[in-house]
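Listed here are the chains, written in short residue letters.
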Amino acid sequence: MIKPFYNANYSLYWLLTLAAVLGATGVFAQPADNTGTFVYSAAPHKPLRIWFDYYHHSLPNTRVGNHLVTGSWIAGAGRYAWNDFVHSNTFDPVFTALGDEHQITIGRQPFTQEVLADQEAVLILNPDNPKVVPEVPAVSDKEIATLIDFVNRGGSLMIMINATTPDRSAEDFESIQLKKLVNAFGLAWNFDDTHYSDVPIGNAHPYFYDVPVFHYGAGCTLKILPGAVKPEVLMEVASDAGYPDRHVRGAGIVQVRPGKGKVILVGDIGSWTGNMSRPWAENERILKQLFRYLKPDREVHPARYNKDAAFNYKITVAGLQAIPVANSLSALPKPVYRLFHPREKTGMPYLEGTATVSLISNGLNGQKAAALEARIGKFSWFDSTVAAAGESVRFIASRQGKATDIKTNGTTAGWLAPDIASLIALLPVDGLQPGDRWESLETLRIPAFQGTDLPPVRQLELPVTYVQDEMVNGIRCRLLRTAEELWLKDLDIGVPDLLTSTAVDKKRLTAYRYYNERGGKLLFKREQWVNAATGVVMKARTQTRVLAWIADARKPVDKSNADKDNNMILSLAQTITAELQ
């Protein structure tokens, strides 16, 4: 029988004890530098300075009744503007989605060196055709020369156009001068129409991730000319089935790298307006990821896992529970746990495990995604070895470092699987710098009462931050951090998810329920130290804590908060660390 934890009568005593123990054992301890200090916060974020061109595009000028002014439905005039919540083809969704990641300037001046001196990127969006909107000037030859120089010096340029067939004349764009500009970078467009097309993205895409379907809103396909420098087709598109010209297919988004800069040509502008609201597509995610490609190249590259490449990791597991003795949960059996005694009459159940994992590449596919296998060697709880020979976790790592399609072979592999993705670093673009943030759909391990059982997992979108550069064993590494605090209710984590255990009679668990519908909170943090030269993860650490208030229906609810804590509070903490050997 496990001796229960805590037999004092101070409502917050257990919290202080737990905090001291976690710090002493390193479960939540932070390393200090040589001065005895540690800077936790990420480096200040530096938003990308981007100029949205509205000098070559008209603003809404169509009156509806006495109180509304919007863009035209007859011609392109005034479409793709902002602060127009009436017309579906406005760029308000874009400004909202890009948020504080970009410092956006809405420009109403021609392109000059002075105007662009403080900008890192320029967006030209479907410039109006003077034949349709005479008051709007075309891009001049002098402006074209200025933009070419801007890109060659390291600036980024994105150009969004539209379908070019006669039935799309209402959204026509100025093509003579714009053609000069895109041709100067080795690009052109085809005179076709993809119509409203759903583009499957799926897993392991080389340029985008976490997107099953992207909606390409009636654009054209693009051409790469012989003069293009380092061309990359970021996305292929095709017209949907049911259209008579189903054969329309080709590049929809293309990137080239002339001089020190980047140019991205997008064959459709409507994908970023009302089409961002299509509930079966994920255009907002694509938009955020696309605009990150405008970041100046800082030579940030994910690892390349060529065939037969192998990396050996040592895995350590640490778990600690805090359950007051008055809480009837403290009497439930935990056969693998041992007791830590911070005081003579205080016994805290803790868990330790070790394993070895060999990460082996079975080669790259046509999209440069790696088929990886994490082969598990010796796995032990304390000094008791668990049979794991032949067990493995197989998954795909995209060109960007996104881990998907995780499949397991064996119980031990299933236990380790939620944290295997931490051995791969998601580095979405080459222009990352400290302070940058991006998002990723991640599988989250939920600590369970019986920590040796297969854990409940949840998938949710979490932020990833490039915190800073640090030295690990004499190697410069990029520190990536994902941290979040969430209500258990929002994760759909119920009491059975936490308490279900192979060591407990399920009938004994029916008496337990959350005291409040929120349940409590889960605190999650994952850190990865990534070799700055190779992109390989040198060290990864995942820390998770559940703090919940679980009532026993067989007992009355106490009136004071101190007694509520003593009878209901449950804390489950777990840390999993992987180190490259």
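Quick summary incoming for the structure in this document. Predicted model, so just to flag it, every value in this text is computed and none were measured.

Comments concerning the overall build of the chain
The helix and strand tally for the chain stands at nine helices and 27 strands. Judged by the C-alpha coordinates and their principal axes, the chain covers about 85 × 60 × 55 Å. Burial status across the chain gives 56% buried among its 581 residues. Sequence-distant contacts, at least 24 apart, represent 71% of the contacts inside the chain between residues at least 6 apart. Counting only carbon and sulfur atoms, one obtains 52% of the accessible surface of the chain, whose full area is about 24800 Å². A distance of 6 Å separates the average location of the 61 positive side-chain charges in the chain from that of its 60 negative side-chain charges.

Some details on a nonpolar patch on the surface
Residues Val64, Leu68, Trp73 and Val86 make up a contiguous nonpolar surface patch of roughly 350 Å² in combined accessible area. The residue Val86 is located in the loop between strand E3 (68-70) and helix H2 (92-98) in this model.

A word on the layout of surface pockets
Space inside the largest pocket adds up to approximately 440 Å³. Mapped onto the lining of the largest pocket, the elements with two or more residues apiece are strand E20 (403-409), helix H7 (411-420), strand E21 (437-445), strand E22 (457-472) and strand E25 (520-531).

Things to note about the side chain of Asp419
Tracing the sequence through the fold places Asp419 in helix H7. The contact partners of Asp419, leaving out residues within four places of it in the chain, are Arg445, Thr542 and Ile576.

Focus: the packing of aromatic side chains
All chains considered together, the criterion is met by 15 aromatic pairs. Geometrically, the ring pair formed by Phe52 and Phe95 is tilted, given 5.2 Å between the ring centres and 45 degrees between the ring planes. With Phe52 in strand E1 (residues 48-53) and Phe95 in helix H2, this residue pair connects regions lying 43 residues apart in the sequence. Phe95 matches Phe52 in its accessibility class, with the two residues each being buried.

Regarding the pairing of strand E5 (residues 121-125)
Burial of E5 is extensive: five of the five residues sit out of reach of the surface. When E1 meets E5, the two strands line up parallel, connected through four bridges. Within E5, the residue paired with Trp51 across the bridge is Val122. Where E5 meets strand E6 (residues 156-160), five bridges bridge the pair, whose relative direction is parallel. Of the residues in E6, the one forming a bridge with Val122 is Leu157.

What to know about the environment of Arg478
With respect to the element layout, Arg478 can be found in strand E23 (residues 475-487). Note on Arg478: relative accessible area 6%, which makes it buried. Counting along the chain gives 55 residues from Arg478 to Ala533, while the straight-line C-alpha distance between them is 9.6 Å. Those residues in contact with Arg478, other than ones at most four positions away along the chain, are Glu299, Val300, Tyr466, Gln468, Asp469, Gln528, Trp529, Val530 and Ala532. Within the structure, the side chain of Arg478 is placed 3.2 Å from the side chain of Tyr466, a separation counted as a polar contact.

Rules used in this analysis
- Residues numbered from 1 in each chain as written.
- Predicted model: local features only at pLDDT ≥ 70, side-chain atom pairs only at ≥ 80, totals over all residues.
- Heavy atoms only, no water.
- Helix = DSSP H or I, 4+ residues; strand = E, 2+ residues; numbered from the N terminus.
- Buried < 20%, exposed > 50% of the residue type's maximum accessible area, 1.4 Å probe, protein only.
- Contact = heavy atoms within 4.5 Å.
- Areas by Shrake-Rupley, 256 points an atom, 1.4 Å probe, with all protein chains shown as cover.
- Lys, Arg positive; Asp, Glu negative; His and termini not counted.
- Charge placed at Lys NZ, Arg CZ, Asp CG, Glu CD.
- Patch = residues over 30% accessible without salt bridge, like charges linked within 9 Å, V, L, I, M, F, W, Y side chains within 5 Å.
- Salt bridge = Lys/Arg side-chain N within 4 Å of Asp/Glu carboxyl O.
- 1 Å grid on protein atoms, 1.4 Å probe; cavity = no way out; pocket = protein on both sides within 12 Å on 5 of 7 lines; lining within 4 Å.
- Points joined across faces, edges and corners; volume = space filled by probe spheres on them.
- Phe/Tyr/Trp six-rings, centres within 6.5 Å; stacked < 30°, edge-to-face > 60°.
- Pairing = 2+ DSSP bridges.
- Polar contact = N/O pair within 3.5 Å; in protein donor to acceptor, adjacent residues only side chain to side chain.

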